[in-house]
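Below, each chain spelled out in residue letters.
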Amino acid sequence: MTAMVIDNLHKRYVDRYTGEEIVAIGDVSFSVHEGEFVSILGPSGCGKTTVLNIVAGFIEKTRGTVTVGGTEVTAPGPDRGVVFQSHALFPWKTVLGNVTFGLRMKGMDKARREQAGRDVLELVGLSGFERKYPHELSGGMQQRLGVARVLVNEPAVMLMDEPFASIDAQTRRKLQQDLTALFELRRPTVFFVTHDIEEAVFLSDRVVVLSGRPSTVRDIVEVPLPRPRNWHAAVESTDFRTTVTRIESLLSGEEAHVGDGS
Ligand SMILES: Nc1ncnc2c1ncn2[C@@H]1O[C@H](COP(=O)(O)OP(=O)(O)O)[C@@H](O)[C@H]1O
Ligand SMILES: [Mg+2]
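Residues numbered from 1 in each chain as written. Chains lettered and ligands numbered in written order. Predicted model: local features only at pLDDT ≥ 70, side-chain atom pairs only at ≥ 80, totals over all residues. Heavy atoms only, no water.

As for the overall build of the chain
And then number 1: Per the secondary structure count, the chain includes eight helices and 10 strands.
And then number 2: Taking 262 residues into account, the globule formula puts the C-alpha radius of gyration at 18 Å, and the chain, at 19 Å, falls close to it.
And then number 3: Taken over the C-alpha atoms alone, the chain extends approximately 55 × 45 × 35 Å along its principal axes.
And then number 4: Taking all 262 residues of the chain together, 49% fall into the buried category.
And then number 5: Counting only carbon and sulfur atoms, one obtains 50% of the accessible surface of the chain, whose full area is about 12300 Å².
And then number 6: Where the 30 positive side-chain charges of the chain centre and where its 34 negative ones centre are 7 Å apart. (Helix = DSSP H or I, 4+ residues; strand = E, 2+ residues; numbered from the N terminus. Rg over C-alpha atoms; globule rule 2.2 N^0.38 Å. Buried < 20%, exposed > 50% of the residue type's maximum accessible area, 1.4 Å probe, protein only. Areas by Shrake-Rupley, 256 points an atom, 1.4 Å probe, with all protein chains shown as cover. Lys, Arg positive; Asp, Glu negative; His and termini not counted. Charge placed at Lys NZ, Arg CZ, Asp CG, Glu CD.)

Remarks on the environment of F192
And then number 1: The residue F192 is located in strand β8 (residues 190-194) in this model.
And then number 2: Looking at F192, the relative accessible area reads 0%, which means it is buried.
And then number 3: Considered as a pair, F192 and D161 are 31 residues apart in the sequence and their alpha carbons are 6.0 Å apart.
And then number 4: If we skip the residues at most four places from it in the chain, F192 touches F37, V38, S39, I40, M160, P163, F164, L179, E199 and L203. (Contact = heavy atoms within 4.5 Å.)

Brief notes about the site of ligand 1
And then number 1: In the neighbourhood of ligand 1, the contacting residues comprise Y13, I22, A24, P43, S44, G45, C46, G47, K48, T49, T50 and R213.
And then number 2: Contacts to ligand 1 include G45, whose backbone N or O atom sits 2.7 Å from an oxygen atom.
And then number 3: At 3.0 Å from an oxygen atom of ligand 1 is found a main-chain nitrogen or oxygen belonging to G47.
And then number 4: Here ligand 1 has 570 Å² of accessible area as a free molecule, and 66% of this is covered by the chains.
And then number 5: Mapped onto the shell around ligand 1, the elements with two or more residues apiece are β2 (21-33) and α1 (48-56).
And then number 6: When residues in the shell around ligand 1 are grouped by element, the largest group, three residues, is from α1.
And then number 7: Classifying every residue of the shell around ligand 1 gives five nonpolar, five polar and two charged. (Near = heavy atom within 4 Å. Polar contact = N/O pair within 3.5 Å; in protein donor to acceptor, adjacent residues only side chain to side chain. Nonpolar A, V, L, I, M, F, W, Y, C, P; charged D, E, K, R; others polar.)

Some words on the packing of aromatic side chains
Any aromatic ring pair is given by two values, namely how distant the centres are and how the planes are angled relative to each other.
And then number 1: Tallying each qualifying case throughout the model produces nine aromatic pairs.
And then number 2: Seen from their ring centres, F58 and F84 are 6.2 Å apart, and the 15° between their planes marks the pair as stacked. Placement of F58 in the loop between α1 and β4 (63-68) and of F84 in the loop between β6 (80-83) and α2 (95-105) is noted, with a sequence separation of 26 residues between them.
And then number 3: The partly exposed category is assigned to F84, whose relative accessible area is 34%.
And then number 4: For the pair F164 and F192, a centre-to-centre distance of 6.3 Å together with 55° between the ring planes defines the contact as tilted. Residue F164 is found in the loop between β7 (157-161) and α5 (169-186), and its partner F192 is found in strand β8; the two are separated by 28 residues along the sequence. F192 matches F164 in its accessibility class, with the two residues each being buried.
And then number 5: One aromatic cluster in this structure is built from F37, F164, F183 and F192.
And then number 6: The ring of F90 is capped by R149, whose NZ or CZ atom sits 5.4 Å from the centre of that ring. (Phe/Tyr/Trp six-rings, centres within 6.5 Å; stacked < 30°, edge-to-face > 60°. Lys NZ or Arg CZ within 6 Å of the ring centre and 35° of its normal.)

With respect to the nonpolar core
And then number 1: Ranked by internal contacts, the top residues of the largest apolar core, which has 47 residues, are L121, L145, L179, F192, V201, F240 and I247.
And then number 2: If one sorts the elements of this core by residue count, helix α4 (residues 139-151) sits on top with six residues.
And then number 3: When neighbours within four sequence positions are excluded, L121 is seen to be in contact with V95, L96, V99, L126, S127, E130, L145 and A148. (Core = buried A, V, L, I, M, F, W, Y, C linked by side-chain atoms within 4.5 Å.)

Next comes the structure, spelled out in C-alpha cells:
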C-alpha cells in the first residue's frame, strides 16, 4: 500500500518585504509505501523543509498534489506526526506526560495510554525517566522523547526534518542506530529530511535525491543494505560505499537523470 504520494509539487514563495519571488520547488514527485523509510536529500536551501512543511500541512503549495492515506493534504492533522529538530516538548509535563499527551487528546483511558507510553519509552531507551521533566534530559534524550511522542500515536506517516542535526556526532550515531532498530521493530512509515548522505543511506529504504533550487528529483536511489542494519557493518560494506558514491555524483550533477526508480 502507498502511504503518501507527492505529485508534481511546485512551490513559489513571495518575499513578504521585497516582493521578490523564489521558486523553491520546481517539480517534485515521489511516493512512500506503508512501512517504508524514505529520505529526501539535497543541498542546503533546495526546498527539503518546504516539501516536509507542505506534507505536514503547515504551508500551502503553489501547484501539485500531496496525499496521505489516499486523502489530499490541506491542513495539519493527526495522521502526520512531526518530529521537530528542536524538541517542541511541553516543559511543564513529565516525560510520560509528554508522550501520552496525544493519546489523552484522543480520549484513550489513563491505564492504556500510560502502558503505551511506557512501551514506547522503553523502545527509545528512556525507561526509568518517566517522572523526569524535559529540562532534566540531555539533548539526545530530548530528541528520543520527541520521537517517542510521535511514534506512540501511530501516525500514517512520521515526518522528520534533520532531527539529529544539532546533536553532537557521537550521540547522533547512536540515535541513528536506535532509530533504525526502532524502525525495524515497529515499521512506521517515515519521511525523513537530511543533507547528510551517509545518514540517508544508513537509515533509508530509498533516497530521493534533489537538485539545487528550484528543486527537481535527480533520481530515486534504492538502498540495497539488508535489515536489521548495524552502523559498523553497514559502512564497511561495498553496497554502502557504492550507494554513497552514486548519490554524491547525482548531487554534483555528474550523472544524468536516469528514470525515477519509484
Ligand atoms: N517563508 C519563506 N519566504 C520566502 N522564501 C523562503 C521561505 N521559506 C523558505 N524560503 C526559501 O526557499 C528555499 C528553500 O528553503 P528550505 O525548504 O528551508 O530549504 P532546505 O530545507 O532544503 O534547506 C530557500 O531559498 C529559502 O530561503
Ligand atoms: Mg531544511
